[in-house]
Amino acid sequence: MAKHITLIGGGLVGALLAQQLAGRGFQVDVFEKRPDPRVAGFVGGRSINLALAERGLQALREAGLAEDVLQRAVMMRGRMVHTRDGRSGLQRYGVDDSEVIWSVSRGALNMLLLDAAEAAGVRFHFGQSLVAADFDAGRIRLADDAGTQREIDAPVVIGADGAGSALRAAMNAHTPLGERIEALGHAYKELEIPPAGILPVELVGSSGGHDQFALEPHALHIWPRGGYMCIALPNTEGSFTVTLFLPAQGPHPSFATLPDAQAARAFFQHDFPDLLPLIPDFQNDYDGHPVGTLSTLYLQRWHLGGRALLVGDAAHAIVPFHGQGMNCGFEDTVVLASLLSEAPEHTADVFAEFQRIRQPNSDAIAAMALENYIEMRDSVADPYYLAKRELGALLATQAPQHFMARYRMVTFTHLPYAYAYERGRAQDVLLDQLLRGSADMGAIDLAAAVGTLKATLPPLPDLRHG
Ligand code: FAD
Ligand code: E0Q
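Keep in mind that what you see is a predicted model, and the values were worked out from it rather than measured. (Residues numbered from 1 in each chain as written. Chains lettered and ligands numbered in written order. Predicted model: local features only at pLDDT ≥ 70, side-chain atom pairs only at ≥ 80, totals over all residues. Heavy atoms only, no water.)

Chemist: When you look at the overall build of the protein chain in this model, what are you seeing that I'm missing?
Modeler: Within the protein chain, the secondary structure is distributed over 16 helices and 19 strands. Taken against the 2.2 N^0.38 rule, which gives 23 Å for 466 residues, the C-alpha radius of gyration of the protein chain at 23 Å falls within 12% of a compact globule. Seen through its principal axes, the protein chain has C-alpha atoms that stretch 70 × 60 × 40 Å. Of all intrachain contacts in the protein chain linking residues separated by at least 6 positions in sequence, the fraction that spans at least 24 positions is 70%. If you sum the accessible surface of the protein chain, you get close to 19,800 Å²; carbon and sulfur atoms cover 52% of it. Positive and negative side-chain charges of the protein chain, numbering 38 and 53 respectively, have mean locations separated by a distance of 3 Å. (Helix = DSSP H or I, 4+ residues; strand = E, 2+ residues; numbered from the N terminus. Rg over C-alpha atoms; globule rule 2.2 N^0.38 Å. Contact = heavy atoms within 4.5 Å. Areas by Shrake-Rupley, 256 points an atom, 1.4 Å probe, with all protein chains shown as cover. Lys, Arg positive; Asp, Glu negative; His and termini not counted. Charge placed at Lys NZ, Arg CZ, Asp CG, Glu CD.)

Chemist: Help me understand the pairing of strand S11 (residues 149–153), please; the structure alone is not making it clear to me.
Modeler: Each regular strand carries side chains that alternate between the two faces of the sheet. Examined bridge by bridge, strand S10 (residues 139–144) and S11 share 5 bridges and lie antiparallel to one another. Of the residues in S11, the one forming a bridge with Arg 141 is Glu 151. Connecting the antiparallel pair S10 and S11 is a turn made up of 4 residues, with Gly 147 showing a positive phi of about 90 degrees. (Pairing = 2+ DSSP bridges.)

Chemist: So what exactly am I meant to see when it comes to the pattern of salt bridges here?
Modeler: A side chain with one charge may pair with a side chain of the opposite charge, provided their charged atoms come close. Within the structure shown, the criterion is met by 25 salt bridges. Of the charged contacts in the structure, one is a salt bridge between Arg 38 and Glu 118, with a shortest N-O distance of 3.1 Å. Placement of Arg 38 in helix H2 (residues 37–40) and of Glu 118 in helix H5 (residues 106–119) is noted, with a sequence separation of 80 residues between them. Given a relative accessible area of 25%, Arg 38 falls into the partly exposed group. Put simply, Asp 97 and Arg 92 hold a salt bridge, and the shortest N to O gap is 3.2 Å. For Arg 92, a relative accessible area of 41% gives the class partly exposed. Linked by salt bridges that have partners in common, Asp 36, Arg 38, Asp 115 and Glu 118 make up one network. (Salt bridge = Lys/Arg side-chain N within 4 Å of Asp/Glu carboxyl O. Buried < 20%, exposed > 50% of the residue type's maximum accessible area, 1.4 Å probe, protein only.)

Chemist: So what exactly am I meant to see when it comes to the packing of aromatic side chains here?
Modeler: In this structure the tally under the stated criterion is 15 aromatic pairs. Between the aromatic rings of Phe 268 and Phe 282, the centroid separation amounts to 5.0 Å while the plane-to-plane angle is 65 degrees, which identifies the pairing as edge-to-face. Of the two residues, Phe 268 sits in helix H8 (residues 261–271) while Phe 282 sits in helix H9 (residues 282–288), which places them 14 residues apart along the sequence. Phe 282 carries the same exposure label as Phe 268, and that label is buried. The interplanar angle of 75 degrees and the centroid separation of 6.3 Å between the aromatic rings of Tyr 407 and Phe 412 together place this pair among those described as edge-to-face. Through successive ring pairs, a cluster of aromatic residues spans Tyr 228, Phe 267, Phe 268, Phe 272, Phe 282 and Tyr 286. Here Arg 55 stacks its cationic end above the ring of Tyr 417, 4.0 Å away from the centre of that ring. Directly above the ring of Tyr 298 sits Arg 180, whose terminal nitrogen or CZ lies 4.3 Å from the centroid. (Phe/Tyr/Trp six-rings, centres within 6.5 Å; stacked < 30°, edge-to-face > 60°. Lys NZ or Arg CZ within 6 Å of the ring centre and 35° of its normal.)

Chemist: How should the site of ligand 2 be read in this particular structure?
Modeler: The environment of ligand 2 is formed by 15 residues, the closest being Arg 79, Tyr 93, Gly 323, Asn 372 and Tyr 407. Protein contacts shield 94% of the accessible area of ligand 2, which totals 410 Å² for the unbound molecule. Partitioned by chemical class, the residues of the shell around ligand 2 number 11 nonpolar, 3 polar and 1 charged. (Near = heavy atom within 4 Å. Nonpolar A, V, L, I, M, F, W, Y, C, P; charged D, E, K, R; others polar.)

Chemist: Hey, could you run me through the sheet that holds strand S19 (residues 308–310) in this one?
Modeler: Backbone hydrogen bonds are what pair the strands of a sheet, in a parallel or an antiparallel way. Spatial ordering of the open sheet is given by S8-S2-S1-S12-S19-S18, a layout of 6 strands whose pairing is mixed. Edge positions in the open sheet fall to strand S8 (123–126) and strand S18 (303–304), since each of these has one partner strand only. In the sheet, S18 pairs with S19 via 2 bridges, with the strands oriented antiparallel. Bridge pairing links Leu 304 to Ala 308 in S19.

Chemist: Can you help me understand helix H16 (residues 446–456) in this one?
Modeler: Side chains of residues three or four places apart in an α-helix project in the same direction, reflecting 3.6 residues per turn. Every buried residue belonging to H16 is among Ala 449, Val 450 and Leu 453, and all of these are buried. Down the axis of H16, the sector holding all buried residues measures 100 degrees, keeping them to one side. Counted as exposed and oriented over 90 degrees from the buried face of H16: Ala 447 and Ala 455. (Arc of directions from axis to C-beta.)

Chemist: Before we go on, may I ask you to explain the packing of helix H1 (residues 12–23) against H5 in this structure?
Modeler: When two helices pack together, their arrangement is given by the angle between the helix axes and the distance between those axes. In the contact formed by H1 and H5, the axes pass within 8 Å of each other and the chain directions differ by 25 degrees. On the basis of their axis angle, the class for H1 and H5 is roughly parallel. The two elements H1 and H5 cross, and the hand of that crossing is left-handed. Contact residues: Leu 12, Ala 15, Leu 16, Ala 18 and Gln 19 in H1; Arg 106, Leu 109, Asn 110, Leu 113, Leu 114, Ala 116 and Ala 117 in H5. For the contact of H1 with H5, the class distribution of residues is 9 nonpolar, 2 polar and 1 charged. (Axes fitted to C-alpha atoms, helices over the stretch in contact; angles between N-to-C directions. Parallel < 35°, antiparallel > 145°, perpendicular 65-115°, else oblique. Left-handed = near helix turned anticlockwise from the far one by under 90°.)

Chemist: I keep staring at helix H6 (residues 166–174) and nothing clicks. Help me out?
Modeler: Along H6, the positions that sit buried rather than exposed are Leu 167, Arg 168, Ala 170 and Met 171. Each buried residue of H6 sits inside an arc of 160 degrees when the element is viewed along its axis, so together they form one side. The backbone nitrogen of Leu 167 lies 3.3 Å from a side-chain oxygen of the residue at the head of H6, namely Ser 165. (Polar contact = N/O pair within 3.5 Å; in protein donor to acceptor, adjacent residues only side chain to side chain.)

Chemist: Which parts of the structure should I look at to understand the site of ligand 1?
Modeler: Around ligand 1 sit 28 residues, and of these Glu 32, Arg 34, Ala 51, Arg 106 and Asp 313 come closest. One of the backbone N or O atoms of Lys 33 is found 3.1 Å from a nitrogen atom in ligand 1. Measuring from a nitrogen atom of ligand 1, one finds a backbone N or O atom of Leu 130 at 3.0 Å. Relative to its unbound accessible area of 1,000 Å², ligand 1 is 86% covered by the protein chains. Broken down by secondary-structure element, the contributors of at least two residues to the shell around ligand 1 are H1, strand S2 (27–32), strand S3 (49–52), strand S9 (128–134) and helix H11 (325–342). Tallied by class, the residues present in the shell around ligand 1 amount to 12 nonpolar, 10 polar and 6 charged.

This is how it looks when you write it as structure tokens:
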């Protein structure tokens, strides 16, 4: 008989994991708190999007879903930085159009993954939330929308129920997991730029500038302002989803000092004057959409023997500033499905091995995502930072086997996150040595710098298979 697995959460990671396990012969039941988005419409009905990069794409390729997803995605070639003086410029993410990332709709992606999982034989149970678990008895307790509870057998249960995981809480109550949640202190709110046709002609030009888009469609837009920022990612229908990142509490500007659209409008007029006119529903968006909190989750234990395991955000939620949370969760599914199919009867060993492989990597991307917030908020300000980036780019051209920007390792390769983090640190130390604290690139002897690089750092791994 096929090995049975119970999954909690049919979000991005749960749905993809379910599809992969079913494809490997497991019998999979998924319990999802929300109603079926394919029937009910995606919760909120708003378009919210995410950046899909190489790691997530590779997992989708292995699941046979990459082409379908890319068909519904918008290519982003780089970061379009909008400065206070109203100027903008594109910083390319990669060397050419083979190194781009993709803006995908969270709702559309989730529905595509649900369809694929169902086609692979997964059984979904919507409107069913996990409320408790008895791991010794191998049973879980579920509640439906009406609040009616029932218990079912679930000897092997995997939690893909997100950052606020109910399975994690149940596991923690049984055996402390060594949980530490570090609040960022900054929060976010989503706003919308509609397709250009909806905006006044004088704002976007008669052709809309970019056909139906109010801004360059093939970019991730950033308005960095020091302690805070806005970003915008394109949607296929010509709209953009804007996210404002701001301190939650404290002196102006913070969400505490901007409690409603009236206060926020004046702030946008002052700080984002070019962005505000592109958001015609500012008042409804600001007053109607919730403030989201941001934290990093660290656990000592991801599993209870072979009975329960956490994956995706439930195990390692991170801040969103590298655009890697989903990508990391998708990588999880590839590793776990492969380990489980090799030893389906040995879940305790598999879960331990999964944590051993993945945790150093999730720790590394957690740290890099935190660092990237500072970098994004200030990205244009610091001449020394810009000099370092320029020298890094020169070294990467002169000695591609010895230098690769950390962003590229994270976003466009499958090198383990922990490797990218370590290598990035070593490269950074070298750049500091070469520049000796001066932003004056003219003082650098490039040939000598390449010599030092090759003498100091081993070559990068061969990327053709990595
Ligand atoms: P979730 O997507 O949270 O799914 C969890 C599922 O479990 C949900 O369907 C939920 O309804 C269900 N559930 C919850 N509780 C229960 C329960 N008790 N019983 C049953 N079901 C339950 N990542 C990127 O890769 N790129 C980006 O550009 C990016 N941008 C982001 C921007 C923001 C503002 C934020 C907050 C995150 C961003 N992320 C991004 C991260 C990404 O959203 C997450 O990493 C990803 O959604 C994690 O997937 P998951 O399936 O683990 O959790
Ligand atoms: C990406 C792509 C939410 C979010 C998602 C992202 C990125 C950023 C800033 C943010 C990082 C970058 N980035 O541009 O360096 O590459 O996904 Cl805020």
